[in-house]
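# Coordinate analysis (summary)
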Amino acid sequence: MRVVVAMSGGVDSAVAAARCVAAGHDVIGISLRLAVDGTGSCCSLDDFHDAHAVADRLGIPHYVFDFRDAFTRAVVEPFVADYLAGRTPNPCARCNQHVKFDLLWQRARELGASHLATGHYARIATDPATGRLALRAAADAAKDQTYFLFGLDHVALGRTLFPVGELTKVEVRAEAAALDLPVAAKPESMEVCFVPAGDAAAFVERHAPPGTIRPGVIVDGDGTVVGTHGGVHRFTIGQRRGLGLDGDAPRYVQRLDAGTATVSVGRLEDLAVDGLIARGTIWSAGAPPVAGTRLDVRIRHRHRPLPARLVEACGDVTRVRFEESGPAVTPGQAAVFYRGDLVAGGGWIAQATP
């Protein structure tokens, strides 16, 4: 079958392409130009050269598509808007949902492909509870990327391949070296790919519409003003460092009110919540589990899953209650619901339930 492989210029997508070739598929490599201002850690000319060199080594065609306008609309503008509204966005999950597995898939179809392959660390399995395809955590737990892929339902998974999902990172690099791929030892980037030096606040300040960044005050639990700030986009729920406050007792960001430009701080124990409400929920099987179903909820990529119960799923709005008091929940991040190592669904955190 014809397979389009998304090639970033890194080792993971290079090995994904090599495995598709080894499987006998008709493979086309595609790289995406996404960076809006030529900065950041992705989509550089060097990355495109590396992807093209891998394609040459594998004997497959390679093309670069310019997705900058679509990326700006689907990822960058919401990224800026979320920070200005006091939320902490997750641009990688949004890019996967709206760009790589939507727009790129449309291009793949135009090229006659039946499947899209990427270098993500994830697997696809049949969920015994639903009988439909679902994401399964990668073999390498330290590299698992299912949290960022929750937007793929069973239909999308049916046309998707994750060729490195059964490998560890060490095995991927060893395979790349054995195949003499030119990116076998290339280092990987861990930052938001379009944000230079990982400075999200500076990026927001460069791209925010005029007049949308407002200085304000920092208040404690009694409403007493304890400091000032240059904009709510510089804070995230649970943040302790960089608040610029006097005193020895640690204080943590509890609430961000973009309307009044107020940052509320308090004690660590004040961050504990009962559960959360997510919007824009996508269920892998196309429909939610029944109320009361036990799920493990991951509220950040590196956070341990929290045992919870599904309280309600109405339309794309989902409410879960943690089985024990949970940590700080950050609006704007993804809440991904697992059953064991399978992804049942996920959505965007709208609010915590105290």
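Attention in this report is confined to the structure presented alongside it. Remember, predicted model here, so these are calculated numbers, not experimental data.

The rules behind these values
- Residues numbered from 1 in each chain as written.
- Predicted model: local features only at pLDDT ≥ 70, side-chain atom pairs only at ≥ 80, totals over all residues.
- Heavy atoms only, no water.
- Buried < 20%, exposed > 50% of the residue type's maximum accessible area, 1.4 Å probe, protein only.
- Helix = DSSP H or I, 4+ residues; strand = E, 2+ residues; numbered from the N terminus.
- Arc of directions from axis to C-beta.
- Contact = heavy atoms within 4.5 Å.
- Pairing = 2+ DSSP bridges.
- Right-handed = clockwise from strand over helix to strand, strands pointing away.
- Axes fitted to C-alpha atoms, helices over the stretch in contact; angles between N-to-C directions.
- Phe/Tyr/Trp six-rings, centres within 6.5 Å; stacked < 30°, edge-to-face > 60°.
- Lys NZ or Arg CZ within 6 Å of the ring centre and 35° of its normal.

This part is about helix H6 (residues 169-178). Those residues of H6 that sit buried are Lys169, Val172 and Ala176. Relative to the axis of H6, the buried residues are bounded by an arc of 55 degrees and lie together on one face. Opposite the packed face of H6, turned more than 90 degrees from it, sit the exposed residues Val170 and Ala178. Buried residues in H6 make contact with helix H1 (11-22). Aspartate 180 occupies a position one or two residues after H6 and carries a positive phi of about 60 degrees.

Within strand S1 (residues 2-6), four of the five residues are buried, leaving the element largely enclosed by the surrounding structure. Bridge analysis of S1 against strand S2 (residues 26-33) gives five bridges, and the strand direction is parallel. Bridge pairing in S2 places valine 3 opposite valine 27. Following the chain from S1 across H1 to the adjacent parallel S2, one finds a crossover that is right-handed. Note: S1 against strand S4 (residues 115-117), three bridges, orientation parallel.

Our focus in this paragraph is unusual backbone geometry. Its identity as a non-glycine residue notwithstanding, aspartate 180 has a phi of 60 degrees, on the positive side. You can see aspartate 180 is positioned in the loop between H6 and helix H7 (200-207). On the basis of relative accessibility, which here comes to 53%, the residue aspartate 180 falls in the exposed class. Of note in the backbone geometry, alanine 197 takes a positive phi value of approximately 60 degrees without being a glycine. If you trace the backbone, alanine 197 turns up in the loop between H6 and H7.

The strand order S3-S2-S1-S4-S7 describes an open sheet built from five strands, whose pairing is parallel. Of all strands in the sheet, those bounded by a partner on one side alone are strand S3 (62-66) and strand S7 (160-161). Sheet topology places S2 next to S3; five bridges connect them, and they run parallel. Bridged to arginine 33 within S3 is aspartate 66. Seen against the sheet, helix H4 (residues 91-110) touches S1, S2, S3, S4 and S7 and runs at an angle of roughly 130 degrees to S4.

This paragraph deals with the packing of aromatic side chains. According to the stated counting rule, one finds 10 aromatic pairs in the structure shown. Taking the centre distance of 6.3 Å and the plane angle of 25 degrees together, the rings of phenylalanine 65 and phenylalanine 67 count as stacked. For phenylalanine 67, a relative accessible area of 5% corresponds to the buried category. Taking 5.3 Å as the distance between ring centres and 65 degrees as the angle between the ring planes, the aromatic pair formed by phenylalanine 194 and phenylalanine 203 counts as edge-to-face. Considered together, phenylalanine 194 and phenylalanine 203 belong to a single accessibility category, that of buried residues. Clustering of aromatic rings is evident, with ring pairs tying together Phe71, Phe79, Tyr83, Phe194 and Phe203. In this arrangement the basic side chain of arginine 107 is found over the ring face of phenylalanine 65, its NZ or CZ atom lying 4.8 Å from the centre. Sitting above the plane of the tyrosine 338 ring, arginine 298 keeps its charged end 5.4 Å from the centroid.

None of the figures reported here should be taken as evidence of function without further support.
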